[in-house]
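Each chain is listed here by its residues.
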Amino acid sequence: MSLQLLPVAQDTAAALSAWARWLDGERRLAARTQEAYRRDVAAFVTFLAAHLGGPVTLVDLSALRVADFRAYVARRVGDGLSHASAARALASIRSFCRFLDRRNFTTVVAIEGVRTPKVKRGLPKPLTAADALAVTQTPADPDEAPWIAARDMALFTLLYGCGLRIAEALSIVRGAAPLADVLLVTGKGSKERIVPVLPAVRQAVDAYLAALPYPLDPEQPLFVGAKGGPLNPGVVQRQMRRLRRLLGLPETATPHALRHSFATHLLAAGGDLRSIQELLGHASLSTTQRYTQVETARLLEIHQAAHPRARAPATD
């Protein structure tokens, strides 16, 4: 929903426009993240207009109580919104309210008393080392052009070998190849980090470029689709689904699982959390620490399967 079409008074409309410009110009959030923030706040003020009985003013916002926010969350969850999505929506609303305070539009005191719904975060689901290697070495479809097979293998090798997100890999331009020993990656929030490049990654990208039938300018995307345009992330997901069927992998084997595999396998080999945090571009160490839980769970599973005292006692 466009922010201009919301049931709000003129003063709130001006604040919403300023907030949207701030998200783009100062926060420099990714386009999808901005859209999610705007959508969440649009849903909130639409609820408030019905809840309060008229267009929402800045005075209305400043007079909100914790109970009003709770009513909004209850309504959204009742409509089928997951607790994770409700938590994200509250984060968007909190961002807007804090912006109002910083820019002297108004102060929404109640937002600081609103507790975010607890969300049980599942553990990352990495592939085994053997499965990850199989993904990087197997054409998704033997009937496709050889250059497309080389492209997919190069992309999946890059995701696994450098721990990149799909968007990060697809943002790399042709001028970055042949890849150097390190790669400058632009991640979430336009934050840059340096990632080492393994020889296997460099060789896979070189093989793809040697087979590529399209000449690319230095500023064009490195990875392209069948007609030479930018490669769509949906195509990457589709190719992984084909590989899952071909290799007999679970549904958790996604392109992002290659990033999880990168982190988990580094940790298992003795990598330290701080280094892995920097390589992944995590803002918080607590996000990276989830991989220690994955490794602990794996060790417990091995222990239960292998230790003689873990086996059920024999019965007469």
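Check the entry above for the structure.
Here the structure is a predicted model, which means the values were calculated and not measured.

What counts, and at which threshold
Here the residue index of a chain counts from 1 through its sequence in written order. With the structure being a predicted model, the display of local features is reserved for residues of pLDDT at least 70 and the display and counting of side-chain atom pairs for 80 or more, all residues being used for whole-chain, interface and lining totals. To get the side-chain values, all heavy atoms of the structure are used, and hydrogens and water are removed first. What counts as a helix is a DSSP run of H or I of at least four residues, what counts as a strand is a run of E of at least two, and both are numbered from the N terminus. Relative accessibility under 20% of the residue-type maximum defines a buried residue, over 50% an exposed one, and the middle range a partly exposed one, all with a 1.4 Å probe and only protein chains included. Note on areas: Shrake-Rupley with a 1.4 Å probe; residue coverage comes only from the protein chains shown. Lines fitted to C-alpha atoms define the axes, with helix axes restricted to the stretch in contact, and inter-axis angles between N-to-C directions lie between 0 and 180 degrees. Any angle between 65 and 115 degrees counts as roughly perpendicular, while under 35 counts as roughly parallel, over 145 as roughly antiparallel, and the rest as oblique. Each crossing gets its hand from how the near helix is turned against the far one by less than a right angle, where anticlockwise is left-handed and clockwise is right-handed. Whether two residues are in contact is decided by their heavy atoms, any of which lying within 4.5 Å being enough. Polar here means any residue outside two lists: the nonpolar Ala, Val, Leu, Ile, Met, Phe, Trp, Tyr, Cys and Pro, and the charged Asp, Glu, Lys and Arg; Gly therefore counts as polar. Every helix has an expected span of 1.5 Å times one less than the residues it contains. Pairs of strands are assigned from DSSP output, requiring at least two bridges between the strands. A residue counts toward a patch only above 30% relative accessible area and without a salt bridge, and it is joined to like-charged neighbours within 9 Å or, for Val, Leu, Ile, Met, Phe, Trp and Tyr, to nonpolar neighbours within 5 Å. Definition used for salt bridges: Asp or Glu carboxyl oxygen within 4 Å of a side-chain nitrogen of Lys or Arg.

Draft legend 1. Layout of the overall build of the chain. Helix and strand counts for the chain come out as 13 helices and 2 strands. Out of the 316 residues in the chain, the part that is buried amounts to 41%. Accessible area of the chain: about 17,100 Å², with a carbon and sulfur share of 55%.

Draft legend 2. Structural context of the environment of Asp-206. Topologically, Asp-206 is positioned in helix 9 (residues 199-211). For Asp-206, a relative accessible area of 33% puts it in the partly exposed group. Here the alpha-carbon distance between Asp-206 and Ala-150, two residues 56 residues apart in the chain, equals 9.4 Å.

Draft legend 3. Region of interest: the packing of helix 1 (residues 10-25) against helix 2 (residues 31-52). At their nearest, the axes of helix 1 and helix 2 sit 10 Å apart, and the two run at 160° to each other. Considering their axes alone, helix 1 and helix 2 lie roughly antiparallel with respect to each other. Here the hand of the crossing between helix 1 and helix 2 comes out right-handed. Two secondary-structure elements touch here, helix 1 through Leu-16, Trp-19, Ala-20, Leu-23 and Asp-24 and helix 2 through Gln-34, Tyr-37, Arg-38 and Val-41. Looking at the contact of helix 1 with helix 2 residue by residue, the class counts come to 6 nonpolar, 1 polar and 2 charged.

Draft legend 4. Quick peek at helix 2. Taking 1.5 Å of rise per residue, 22 residues should cover 32 Å, and helix 2 covers 31 Å from first to last C-alpha, within 8% of that figure. What helix 2 keeps buried is the set Gln-34, Ala-36, Tyr-37, Asp-40, Val-41, Ala-42, Phe-44, Val-45, Phe-47, Leu-48 and Ala-49. Elements in contact with the buried residues of helix 2: helix 1, helix 3 (58-62), helix 4 (66-78) and helix 5 (83-102). Positive phi shows up at Gly-53, right after helix 2, with a value of about 85°.

Draft legend 5. Fine view of the pairing of strand 2 (residues 192-196). Of the two faces of strand 2, only the one carrying Arg-193 and Val-195 is buried; Glu-192, Ile-194 and Pro-196 on the other face are not. For strand 1 (residues 182-186) and strand 2, the ladder comprises 5 bridges, and the chain directions are antiparallel. For Leu-184, the partnering residue across the bridge sits in strand 2 and is Ile-194.

Draft legend 6. A nonpolar patch on the surface, seen in detail. The grouping of Val-182, Leu-184 and Ile-194 at the surface amounts to a nonpolar patch, some 300 Å² of accessible area in total. Secondary-structure assignment places Leu-184 in strand 1.

Draft legend 7. Summary view of unusual backbone geometry. A cis amide bond links Ala-177 with the next residue in sequence, Pro-178, at an omega value of 0°. When you line up the elements, Pro-178 lands in the loop between helix 8 (166-170) and strand 1.

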